[in-house]
There are 2 protein chains.
Amino acid sequence: MVKTKVSGVRQKAEQARAASKRLALLTEAQKNAGLRAMAQALRNRREAILTANEEDLRRGEEAGLSTALMDRLRLTEERLEGMAQGLEELIHLPDPVGEVMETVERENGLRIEKVRVPLGVIGMIYEARPNVTVDAAGLALKTGNAVVLRGSSSAFYSNRMLVEVLHQALETTDVPVDGVQLVEDLDREAVREMMTLNGWIDVIIPRGGAGLIERVVRESTVPVLETGVGNCHIYVDAEADPSMAEHIVINGKTDRPAVCNAVETLLVHREWAKQHLSSLAARLQENGVELRGCDRTRALADHVLPASEEDWRREYLDLILAVNVVDSLEEAMEHIDRYGTRHSEAIVTDNAETARVFLQGVDAAAVYHNASTRFTDGSQFGFGAEIGISTQKLHARGPMGLKELTSYKYRVLGTGQVRG
Amino acid sequence: MVKTKVSGVRQKAEQARAASKRLALLTEAQKNAGLRAMAQALRNRREAILTANEEDLRRGEEAGLSTALMDRLRLTEERLEGMAQGLEELIHLPDPVGEVMETVERENGLRIEKVRVPLGVIGMIYEARPNVTVDAAGLALKTGNAVVLRGSSSAFYSNRMLVEVLHQALETTDVPVDGVQLVEDLDREAVREMMTLNGWIDVIIPRGGAGLIERVVRESTVPVLETGVGNCHIYVDAEADPSMAEHIVINGKTDRPAVCNAVETLLVHREWAKQHLSSLAARLQENGVELRGCDRTRALADHVLPASEEDWRREYLDLILAVNVVDSLEEAMEHIDRYGTRHSEAIVTDNAETARVFLQGVDAAAVYHNASTRFTDGSQFGFGAEIGISTQKLHARGPMGLKELTSYKYRVLGTGQVRG
């Protein structure tokens, strides 16, 4: 379908709202055809996309962006192919819309069905990575939602070209092109307007650093799905298997330190610490990890810098690990309660009762027994796709896949029933 | 357990947060013992409660409160007994906390369980009816949540006495008394503070008029569960059975006009209107309903006042009904989309395909075929209890019972699994 050009955040949200009504009625086959066309278009227009991305990279270099940010901004043939394959994987996931989640027959003969429906219009506010543009558009389409995208200014040219390519792809299908909207105004006022379009946008999902997320939570009057700052802990209990603990801690810290499910603070029971902390510390250091520890840690292991209060709060997102020796399970749980961000928390122990108390008492989206925190992820949980990891308790918690982008309505079927 | 007195909204929220950790670990039997004690205390302390209520009524009269508001404020022996029985009914409902909602076994041997947990701390901001104080405390206890209550100043003495009675009841049980907190500061600043206590309060539920709800949605940084303004419609299709339509419309309007699931606008297909609108209008008028209609309505029925644009938007909550004759199903659906509040919408028709299009295309918490909108209610849906009716799409939609006051966490059980 052909798209009408307009400008302004409100107009884009209105167009998305109108498109969302048609999106909600599309069949699974129509939505999958849209996904297939989007994937193919990313491949066909590869050069145009990479050229636009080069413009962002050139400006990023001029602006002195860090190596890490430049890496997140960079598109390559391989990354584009990954984005196309991500869209194709969505085709094979079941369409959640229309699922009858529950049915009750009431005594008066009323039949009440709880039916899964799209959320409507999703607002995405995100930083750097241009792949979010494509991922969000694909997830929204598969779930029958419209999406209003607002990426960062550093990815402006990449995002604009990606959306142009997606629009061209959708024009050949039954999917309304207006279902994918890109806000091109780069001032903060546009973001503020987007966050207060109650009635036009049903939910805002921020993806980015703690500063962005805090701003959205503070300023948005549209409901927010808060995603992921992860100050995650592993607690190594007195009865932890030394080799298992070592594997899990090294994996949690070094597998991919820049992501939110990486471990940031290690808590060690003093009995285990006496026997094994020195060797665990050495193994971490061999893997390039800088350690910052409490006094007891520093007395037991070499080359450990002193940890300050701030270290317990930090999400390093780097090869740095804070280490705190504790006297008990309770002290470990109190530490997690005080400093954790309710993301992913793990215990390593051979004692089933100790594990039970930890798993029940620790308040987090994911609690682990004898496994790495790195598994908190949509694909690892078997969701097939993920739009972010929720650290709030309302609506969705932990990895958010297709179902988490839906709502429901009650369909009530009668034969003339009245009340009273 | 014994309660420590403190003042200030923040301290109350902190106490509630601390209590919520103990509440989450209570057994079903412990929670039910608390509910039983609360119900009994309402009966034992009946006189003290009614005396406190008289003080509110006396001040309400002085302040010139409307008859409707005075009626909502008034407690009687019968109403108190109803509140006590409401608590006892919660005892018989299954405890949702701890339910394993889903289990997956991954190829690597990880077992991932999705487990229902309490939300934590619920903030209630509500107007008039003192029964909300008791209902909310009971629902929160059954679901393992702490609650911070902020009622209206007009019910100050009633609410304070009710909470005192509930506290005394809980002191004899294992339930932490601090799990029920009443904010006694009556200035607006206290409400503002409550709505921004992110980290201490997990969700705010406003109960009251449109003004209160709008303010909470606009100002709260804590996630909000928006409840119920209901501008509900009944669409009488060309192929509606006349007698069924009459029953449903009269029930929807007159059974209890002051509640949110009452019908406010009647949409009638022009073909049906020609034959039956005159008699339906007369029957409504016999039942004391004032009609405000479009020109076509006024040409077909007697004693109908002219409807203005504002009448399509109004939630009358009174024996007044707006009537609009439409040319088609599509026009009816467009009217609902433009003026409805996504609460409860009904169609009366004998045509199954017409009903299907209406039920799928109308965006509302509850959509009805051949039944009264008055059934949108927790008890009518079989939930056994209700804390409000959500008109938003995130987290919960429609009547909110016990499950809607819970969240979940993922419990991941491993044998040393690491990633990568």
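Residue numbering note: each chain is counted from 1, following its sequence as written. Working convention: letters from A go to chains and numbers from 1 go to ligands, in the order in which they are written. Predicted model: local features are reported for residues with pLDDT of at least 70 only, side-chain atom pairs are reported and counted for 80 or more only, and whole-chain, interface and lining totals are derived from all residues. Each side-chain value is worked out from all heavy atoms of the structure, with water and hydrogens disregarded.

Engineer: What should I look at first to understand the sheet that holds strand β3 (residues 121-126) of chain B in this one?
Structural biologist: In a beta sheet, neighbouring strands are held together by backbone hydrogen bonds and run either parallel or antiparallel to one another. All names here are of chain B. By this definition, two strands are paired if DSSP reports at least two bridges between them. The way it works is that DSSP assigns letters per residue, a run of H or I at least four long becomes a helix, a run of E at least two long becomes a strand, and they are numbered from the N terminus. Pairing within the open sheet is parallel, and its four strands lie in the order β5-β4-β3-β6. Each of the sheet's edge strands pairs with one partner strand only, and the pair in question is β5 (180-182) and β6 (203-207). Neighbour-to-neighbour, the strand axes of the sheet open up by a mean angle of 20°, direction not taken into account. Of the pairings in the sheet, the one linking strand β4 (residues 146-150) to β5 comprises three bridges and is parallel in character. Residue pairing in the sheet places V148 in a bridge with Q181 of β5. We call two residues in contact when some of their heavy atoms are within 4.5 Å. Convention adopted: a line fitted to C-alpha atoms gives each axis, helices being fitted over their contacting stretch, and angles between N-to-C directions are expressed from 0 to 180 degrees. Here helix α1 (residues 9-23) sits on the sheet in contact with β3, β4 and β5, set at roughly 150° to β4. Here helix α9 (residues 210-219) sits on the sheet in contact with β3 and β6, set at roughly 160° to β6.

Engineer: Can you walk me through the relation of the copies chain B and chain A in this structure?
Structural biologist: In summary, the two copies of the chain are related to each other by a rotation about an axis coupled with a shift along it. Of the transformation superimposing chain B on chain A, the axial component is 0.0 Å and the angular component is 180°, with the fit at an RMSD of 0.0 Å. Read as a symmetry element, the transformation amounts to a two-fold axis. Taking the C-alpha atom as reference, chain B places H395 of chain B closest to the rotation axis, 1.8 Å from it. Here 100% of the contact residues of chain B are again contact residues in chain A; the copies associate through an equivalent surface. Superposition of the copies was done by least squares, using only C-alpha atoms of residues whose pLDDT is at least 70 in both.

Engineer: Any chance you could explain the interface of chain B and chain A here in plain terms?
Structural biologist: Bring the parts together and some accessible area is lost; that lost area is often taken as the interface size. Counting residues at the interface gives 71 residues for chain B, matched by 71 residues for chain A. A simple way to read buried area is as the amount of 1.4 Å-probe accessible surface that goes missing from two parts once joined, with both sides added. Carbon and sulfur atoms supply 53% of the area that chain B and chain A bury against each other, a total of about 5700 Å² over both sides. Put simply, a salt bridge is a Lys or Arg side-chain nitrogen that is within 4 Å of an Asp or Glu carboxyl oxygen. Here chain B is connected to chain A by four salt bridges. Ionic pairing is found between D377 of chain A and R419 of chain B, a salt bridge with its closest N-O pair at 3.6 Å.

Engineer: In this structure, what is going on with empty space enclosed by the protein? I would like to understand it.
Structural biologist: Rolled over the atoms, a probe as big as a water molecule pinpoints where empty space is left. All names here are of chain A. Here a cavity denotes grid points, spaced 1 Å and computed from the protein atoms alone, that fit a 1.4 Å probe unable to get out, and a pocket denotes an open set having protein on both sides within 12 Å along at least 5 of 7 lines; residues with an atom within 4 Å of a point are the lining. Grid points are joined across faces, edges and corners, and a volume is the space filled by probe spheres set on the points. Applying the stated criterion to the full structure yields four cavities of 30 Å³ or more. Of the volumes computed, that of the largest cavity is approximately 50 Å³. Every residue along the wall of the largest cavity is listed here: L23, M38, A137, A140, L141, N145, L170, V175, P176, G179 and V180. Basically, the charged four are Asp, Glu, Lys and Arg, the nonpolar ten are Ala, Val, Leu, Ile, Met, Phe, Trp, Tyr, Cys and Pro, and anything else, Gly included, counts as polar. Its residues assigned to classes, the lining of the largest cavity shows nine nonpolar, two polar and no charged.

Engineer: Is there a simple way to explain the domain arrangement of chain A in this structure?
Structural biologist: Throughout, the edges of the domains are those of an automatic or database domain assignment. The domain architecture assigned to chain A consists of domain 1 (9-226 + 394-413) and domain 2 (232-375). For domain 1 of chain A versus domain 2 of chain A, the distance between C-alpha centres works out to 35 Å.

Engineer: Would you explain the packing of helix α2 (residues 28-44) of chain B against helix α7 (residues 156-170) of chain B in this entry?
Structural biologist: For any two helices packed against each other, the geometry comes down to the angle between their axes and how far apart the axes lie. Residue and element names in this part refer to chain B. It is at 8 Å that the axes of α2 and α7 come closest, and there the two elements cross at 130°. Classified by the angle between their axes, α2 and α7 sit oblique to one another. The handedness of the crossing between α2 and α7 comes out as right-handed. Here α2 contributes G34, A37, M38, A41 and L42 to the contact with α7, which in turn contributes L162, V165, L166, A169 and L170. Should an angle fall under 35 degrees it is taken as roughly parallel, and over 145 as roughly antiparallel, whereas 65 to 115 is taken as roughly perpendicular and any remaining angle as oblique. By definition, turning the near helix anticlockwise from the far helix through less than a right angle yields a left-handed crossing, and turning it clockwise yields a right-handed one.

Engineer: Which parts of the structure should I look at to understand the confidence of the model for chain A?
Structural biologist: As a note on interpretation, predicted positions should not be read in detail where pLDDT is low. All names here are of chain A. Averaged over all residues, the pLDDT of chain A equals 95, while 98% of them reach at least 70. The pLDDT value tells you how sure the predictor is about a given residue, anywhere from 0 up to 100. Taken as a whole, residues 1-7 scores under 50 in pLDDT and shows 18 contacts with residues more than four places along the chain or in a different chain. The ipTM assigned to the predicted complex is 0.92, against a pTM of 0.91.

Engineer: So what exactly am I meant to see when it comes to the packing of aromatic side chains here?
Structural biologist: In this description, a pair of aromatic rings is defined by centroid distance and the angle of the planes. Any Phe, Tyr or Trp ring, taking Trp's six-membered ring, that has another such ring centre within 6.5 Å forms a pair; planes under 30 degrees apart are called stacked, those over 60 apart edge-to-face, and the others tilted. This structure, assessed with the given rule, holds 10 aromatic pairs over all chains. Between F381 of chain A and Y410 of chain B, the aromatic rings sit 5.0 Å apart at their centres with planes inclined by 70°, giving edge-to-face as the arrangement. Of this pair, F381 of chain A sits in the loop between β13 (366-371) and β14 (388-390) while Y410 of chain B is found in strand β16 (residues 406-417), placing the two residues in two different chains. Just as F381 of chain A is buried, Y410 of chain B falls in that class too. Through a chain of ring-to-ring contacts, the aromatic side chains of F381 and F383 of chain A together with Y408 and Y410 of chain B assemble into a single cluster. In this analysis the charged atom, NZ for Lys or CZ for Arg, is taken to sit over a ring once it is within 6 Å of the ring centre and within 35 degrees of the ring normal. Between the NZ or CZ atom of K114 of chain B and the centre of the ring of Y408 of chain B, over which it lies, the distance is 4.3 Å. Accessibility here uses a 1.4 Å probe with only protein chains present; expressed as a share of the type maximum, an area under 20% marks a residue as buried, one over 50% as exposed, and anything in between as partly exposed.

Engineer: Would you mind showing me how to read the pairing of strand β7 (residues 232-236) of chain B here?
Structural biologist: Residue and element names in this part refer to chain B. For β7, the tally of buried residues reaches five of five residues, placing the bulk of the element in the interior. Of the two faces of β7, the one lined by C232, I234 and V236 and the one lined by H233 and Y235 are each fully buried. Direction of pairing for β7 relative to strand β8 (residues 263-269): parallel, over a ladder of five bridges. Across the sheet, residue H233 finds its bridge partner in β8, namely T265. Look down the strands so they point away from you; if the path from the first strand over the helix to the second goes clockwise, the crossover is right-handed. Between the parallel pair β7 and β8, the chain is carried across by helix α10 (residues 242-254), and the sense of this crossover is right-handed. The pairing of β7 with strand β12 (residues 344-348) spans four bridges and is classified as parallel. Opposite H233, over in β12, you have E345 as the bridge partner.

Engineer: Where do I start with the environment of G8 of chain B in this structure?
Structural biologist: All names here are of chain B. Within the secondary structure, G8 is located in the segment before α1. By relative accessible area, G8 is classed as partly exposed at 21%. For the pair G8 and D185, spaced 177 residues apart in sequence, the C-alpha to C-alpha distance is 7.6 Å.

Engineer: Quick question: what am I supposed to make of a negative patch on the surface here?
Structural biologist: Residue and element names in this part refer to chain A. A cluster of acidic residues, E184, D185, D187 and E193, forms a negative patch at the surface. Topologically, D185 is positioned in the loop between β5 (180-182) and α8 (188-195). Among the residues examined, D185 registers a relative accessible area of 34% and is labelled partly exposed. Patches here are clusters of residues that have more than 30% relative accessible area and form no salt bridge, with a 9 Å joining cutoff for like charges and a 5 Å cutoff for nonpolar side chains (Val, Leu, Ile, Met, Phe, Trp, Tyr). Where accessible areas are quoted, they stem from the Shrake-Rupley method and a 1.4 Å probe; at the residue level, only the protein chains shown are allowed to cover. By the counting rule applied here, Lys and Arg register as positive and Asp and Glu as negative, while His and the ends of each chain are not counted. Taken as the charge centre is NZ of Lys, CZ of Arg, CG of Asp or CD of Glu, depending on the residue.

Engineer: When you look at the pattern of salt bridges in this model, what are you seeing that I'm missing?
Structural biologist: Should the charged atoms of two oppositely charged side chains come close, the side chains can pair. Tallied over the entire structure, the rule returns 76 salt bridges over all chains. Across the salt bridge formed by D337 of chain B and R342 of chain B, the nearest N and O atoms sit 3.6 Å from each other.

Engineer: Would you mind going over the sheet that holds strand β8 (residues 263-269) of chain A with me for this structure?
Structural biologist: A sheet is described by the order of its strands in space; here 10 strands give the open sequence β10(A)-β9(A)-β11(A)-β8(A)-β7(A)-β12(A)-β13(A)-β16(B)-β2(B)-β1(B), paired in mixed fashion. Of all strands in the sheet, those bounded by a partner on one side alone are β10 (305-306) of chain A together with β1 (100-105) of chain B. On top of the sheet, helix α10 (residues 242-254) of chain A reaches β7 (232-236), β8, β11 (320-326), β12 (344-348) and β13 of chain A together with β16 of chain B; it is set at about 160° to β8 of chain A, its chief contact. The strands touched by helix α11 (residues 270-286) of chain A are β7, β8, β9 (290-293) and β11 of chain A; relative to β8 of chain A, the strand with the most contacts, the crossing angle is about 145°.

Engineer: Where do I start with the state of the cysteines in this structure?
Structural biologist: The bond known as a disulfide is covalent and runs between the sulfur atoms of two cysteines. All names here are of chain A. What counts as a disulfide here is a pair of cysteine sulfur atoms lying within 2.5 Å. Scanning the model with the defined rule gives zero disulfides over all chains in all. In this model C260 remains outside any disulfide bridge; the closest cysteine sulfur is found in C232, 6.9 Å from its own. Among the cysteines around C294, which has no disulfide bond, C232 carries the closest sulfur, lying 20 Å off. Taking the relative accessible area as the measure of exposure, C294 reaches 13% and is therefore buried.

Engineer: Quick question: what am I supposed to make of unusual backbone geometry here?
Structural biologist: Note on backbone geometry: most residues besides glycine have negative phi, and most peptide bonds are trans. Residue and element names in this part refer to chain A. Within the chain, H303 stands out as a residue other than glycine whose phi angle is a positive 55°. Of note, H303 is situated in the loop between α12 (295-300) and β10. At L317, a residue that is not glycine, the phi angle is positive and equals roughly 55°. As for its position among the elements, L317 is in the loop between α13 (309-313) and β11. The partly exposed category is assigned to L317, whose relative accessible area is 35%.

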